[in-house]
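# Secondary and tertiary structure notes
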Amino acid sequence: MSRYLPPEEGDPPLARRILDPEVIAELQALPSEVPVIEAIDVHREYAGNRVLRGVSFSIGRGEVKAILGPSGSGKSTLLRCLALLEPLDGGQVRIEGALVGAREAGSGRFEPLTESAVARQRLDVGMVFQRFNLFPHLTALGNVMIALTEVRGLSRDDARLIADTMLERVGLGHRRTFYPSELSGGQQQRVAIARALVMKPKVMLFDEPTSALDPELVGDVLRVMEELAREGMTMVVVTHEIGFARGVASRVLMMDDGQIIEDAPPDDFFDNPQQPRTRRFLEAVV
Ligand code: ADP
Ligand code: MG
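Heads up: these notes are all about the structure in this document. Remember, it's a predicted structure, so these values are computed and weren't measured experimentally. (Residues numbered from 1 in each chain as written. Chains lettered and ligands numbered in written order. Predicted model: local features only at pLDDT ≥ 70, side-chain atom pairs only at ≥ 80, totals over all residues. Heavy atoms only, no water.)

### Regarding the site of ligand 1
Surrounding ligand 1, one finds Tyr46, Asn49, Val51, Pro70, Ser71, Gly72, Ser73, Gly74, Lys75, Ser76, Thr77 and Arg80. For ligand 1, an oxygen atom lies 2.9 Å from a polar atom in the side chain of Ser76. One of the side-chain nitrogen or oxygen atoms of Thr77 is found 2.5 Å away from an oxygen atom of ligand 1. Here ligand 1, which alone exposes 560 Å², has 60% of that area covered by the protein. Looking at the shell around ligand 1, the elements that each hand over two or more residues are strand 2 (49–59) and helix 2 (75–82). Ranked by the residues each element gives to the shell around ligand 1, the list is headed by helix 2, at four residues. Class assignment of the residues belonging to the shell around ligand 1 gives a composition of three nonpolar, seven polar and two charged. (Near = heavy atom within 4 Å. Polar contact = N/O pair within 3.5 Å; in protein donor to acceptor, adjacent residues only side chain to side chain. Areas by Shrake-Rupley, 256 points an atom, 1.4 Å probe, with all protein chains shown as cover. Helix = DSSP H or I, 4+ residues; strand = E, 2+ residues; numbered from the N terminus. Nonpolar A, V, L, I, M, F, W, Y, C, P; charged D, E, K, R; others polar.)

### A look at unusual backbone geometry
Phi is positive for Leu84, which is not a glycine, with a value near 60°. Assignment of secondary structure puts Leu84 in the loop between helix 2 and strand 4 (90–95).

### Description of the nonpolar core
The biggest cluster of nonpolar side chains holds 86 residues, and the ones touching the most others in it are Leu68, Ile193, Leu228 and Met235. When residues of this core are assigned to their parent elements, the largest contribution, seven residues, is made by helix 7 (residues 218–230). When sequence neighbours within four positions are dropped, the list of residues in contact with Ile193 reads Val128, Met204, Phe206, Val221, Val224, Met225 and Leu228. (Core = buried A, V, L, I, M, F, W, Y, C linked by side-chain atoms within 4.5 Å. Buried < 20%, exposed > 50% of the residue type's maximum accessible area, 1.4 Å probe, protein only. Contact = heavy atoms within 4.5 Å.)

### A closer look at the environment of Ile162
Tracing the chain through its elements places Ile162 in helix 5 (residues 156–169). Residues Ile162 and Leu148, 14 residues apart in the sequence, show an inter-C-alpha distance of 8.8 Å. Once you skip the residues sitting within four places of it in the chain, Ile162 turns out to touch Leu148, Leu154 and Val198.

### Quick word on the pattern of salt bridges
Throughout the structure, instances matching the rule amount to 19 salt bridges. A salt bridge links Asp157 to Arg160; the shortest N-O distance between them is 3.3 Å. Of this pair, Asp157 and Arg160 both sit in helix 5, separated by three residues, roughly a single helical turn. Residue Arg246 pairs with Asp267 through a salt bridge whose shortest N-O separation is 3.4 Å. Of the two residues, Arg246 sits in helix 8 (residues 242–248) while Asp267 sits in helix 9 (residues 266–271), which places them 21 residues apart along the sequence. By sharing partners, the salt bridges in this structure join Arg44, Arg80, Glu86 and Asp89 into a single network. (Salt bridge = Lys/Arg side-chain N within 4 Å of Asp/Glu carboxyl O.)

### A look at the side chain of Arg94
Examined against the element boundaries, Arg94 turns out to sit in strand 4. The exposure class of Arg94 is buried, given its relative accessible area of 15%. At 2.8 Å, the side chain of Arg94 and the backbone oxygen of Gly97 are in polar contact. Arg94 has contacts with Val36, Ile37, Glu38, Ile40, Leu99 and Glu104, leaving out every residue within four places of it along the chain.

### Remarks on the packing of aromatic side chains
Tallied over the entire structure, the rule returns one aromatic pair. Residues Phe269 and Phe270 carry aromatic rings whose centres are separated by 5.1 Å and whose planes lie at 75° to one another, so their mutual orientation is edge-to-face. Of the two residues, Phe269 and Phe270, neither departs from the other in class, the shared state being buried. If you follow Arg175 out to its NZ or CZ, it ends over the ring of Phe178, 4.8 Å from the centre. (Phe/Tyr/Trp six-rings, centres within 6.5 Å; stacked < 30°, edge-to-face > 60°. Lys NZ or Arg CZ within 6 Å of the ring centre and 35° of its normal.)

As structure tokens, this is what we get:
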């Protein structure tokens, strides 16, 4: 059925659909002429170490972009900037055309937004980290429910219903009462994806979601991501999974030393990379 690996032993097959039809309709209704998310000449440095050196990047509705690049090239920092988890030292991030973190105050001036306004903007961006970042003291269900009750203000009953449905759809209904320490890495990562999805983000960012997993646990996570892409989710995926990048991404980007140095459709990127640095990288990882 899928290009990837067989399902984890004992896990039921994934649902044929992950997103609600209304959510799919909302995603389809996003304007196609404005990027869902956009970085414009973004700079970021840590104590003089220039980690992002003018990154510009945009992704349209329903697009899937894969980002490759060596360790330390700034991939995670870029995703954290896009997810509004890091301040910028220069440049802008825009979501659906609207500046994030700041307000245009006329005549080229900007005013910082309040923390609660930024928190609202952050809800549009779902993020899945390399290390699953689940709360160890909460069950799978509790991890998916918590932002619904604490951030969205839903009742526990409503939150439970939504979280239950999403866990079922990522193939984990039978694990809802398990704690993270009782789940495999692949299962934990699917809980993390479910947790992000119930917030109804407009774009999902994945930071090497499978690179901490044993090889046999990678398949179900990639399958969930592939299904999300098929359903029209806009996605940015930092990954070393060449098969996924080739098969699912609409464009593949190469990051090196804080910059995007190549940006091409998958076949061009992998079969005919323009930059010697990209060629060397691909020779080392493929
Ligand atoms: P990648 O994800 O491509 O491996 P990162 O974005 O994690 O790269 O890191 C890029 C560079 O920024 C590295 O040199 C890293 O050490 C540095 N860096 C990342 N986060 C921090 C931080 N919070 N404080 C200081 N340096 C950081
Ligand atoms: Mg990283």
